[in-house]
Amino acid sequence: MTDHHALAGEWLPVCNSIDVPDSEARGFMVADARIVVWRDSIGTAHVWRDYCPHRGAQLSLGHVMRDQIVCPYHGWMYDIEGQCLHIPSNPALRPPKRACAVTYVAEERYGVIWMSFGQPAYSLDFFPEASIEGGRRINLAPQTVRSSAPRVVENFLDMAHFSFVHVGILGERDHAEVPDYEVSPSADGGPEARQCFYWQPNGMPGQGGAMIEYVYRVKRPLIATLTKVASGGEGALHIMLVASPVTRTETRAWLVSIHEDDVVHSDQALYDFNMEILLQDTPIVESQWPKELPLAIDAELHQRSDRMSLAYRRWLAEMGFEYGTTLNGG
């Protein structure tokens, strides 16, 4: 494992739960590491290094059988603890203890399968809004963004692009001003922005033009949430950005949203609404240079509405978070 010291205690998203069917294995890349996710007979997800220690084949190309995953190359069979139980070419041999796969801490929550390269330093409770009674959860399919995960997170925290990237949905060019707002440390330790208001022509599914209030919270270096409510207190929309680093400069990103009190729109309509916004962001974030997020305060120019972005960068610098960041600008 290389270059993972900055991520060792972090919960990292691997995929949506639906991406790994029962009794099957799937392969992913997380932070430059090949990862296999597979489910046992009761549906529990296991997250391992996608590597057979015999000859290095990918276990994700094998198959799951009776709570065991079988290597596709020579048929070595591993139990749910990662221990090899059987070597077909030498069936009388009891496999040694060192014949084992590398396993990681894993948990399934919010319709997402999470992993940690080390021992998680905190509980997996990024999105309490997911338990709101009557809320509908919509998980987007992950989209590849050819940029760093911190760049993806910072874009999520930015309001000034609404009137240019999301014209007709989250903003219009005649309403481009970002009123001042408050930024302070949140209970989670990361920055939180409150009193964020922006006029939007279709800021909530099916609504007409309205002033929308946002609350942004950075939960962890690669996880952030927002809550938005239209003037008049109409049903809130809560979104968690899930940024899974593939490499330092490539990310699989998606949104998990909770829609309160929406009995009008289908799940597909809500999915399409959020996906359109995510796809509009992608080419812009991919165009940013450098792809790693600059943390030096003078690396890029700033404006008043960047207050939350600057707080995020300072927080990453203070905690020494290096994965997907740089001290230099373009």
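Residues numbered from 1 in each chain as written. Predicted model: local features only at pLDDT ≥ 70, side-chain atom pairs only at ≥ 80, totals over all residues. Heavy atoms only, no water.

Comments concerning the sheet that holds strand E8 (residues 84-86)
Put simply, the rule reads: A pair of strands is considered paired only if DSSP assigns at least 2 bridges between the two. Labels follow the DSSP assignment, with helices taken as runs of H or I lasting at least four residues and strands as runs of E lasting at least two, numbered in each case from the N terminus.
Across the sheet, four strands lie side by side as E5-E6-E7-E8; this open sheet has antiparallel pairing. Two strands close off the open sheet at either side, each with one partner strand: strand E5 (63-65) and E8. Where E5 lies against strand E6 (residues 68-70), three bridges are found, and the strand directions are antiparallel. Across the sheet, residue Val 64 finds its bridge partner in E6, namely Ile 69.

Notes on the pairing of strand E15 (residues 210-220)
Operational definition: Whether a residue is buried, partly exposed or exposed follows from its accessible area with a 1.4 Å probe, protein chains only, as a fraction of its type maximum: under 20%, in between, or over 50%, in that order.
The buried count for E15 comes to nine of eleven residues, which makes it a mostly enclosed element. Bridge count between E15 and strand E16 (residues 223-230): eight bridges; the pairing is antiparallel. Each residue of the ladder has a partner; that of Arg 217, found in E16, is Thr 225. Between E15 and E16, which pair antiparallel one after the other, the connecting turn spans two residues.

Some details on helix H1 (residues 149-156)
Within H1, eight of the eight residues are buried, leaving the element largely enclosed by the surrounding structure. Taken as a whole, H1 has its buried residues at Ala 149, Pro 150, Arg 151, Val 152, Val 153, Glu 154, Asn 155 and Phe 156.

Without other data, these values stay purely geometric and don't point to any function.
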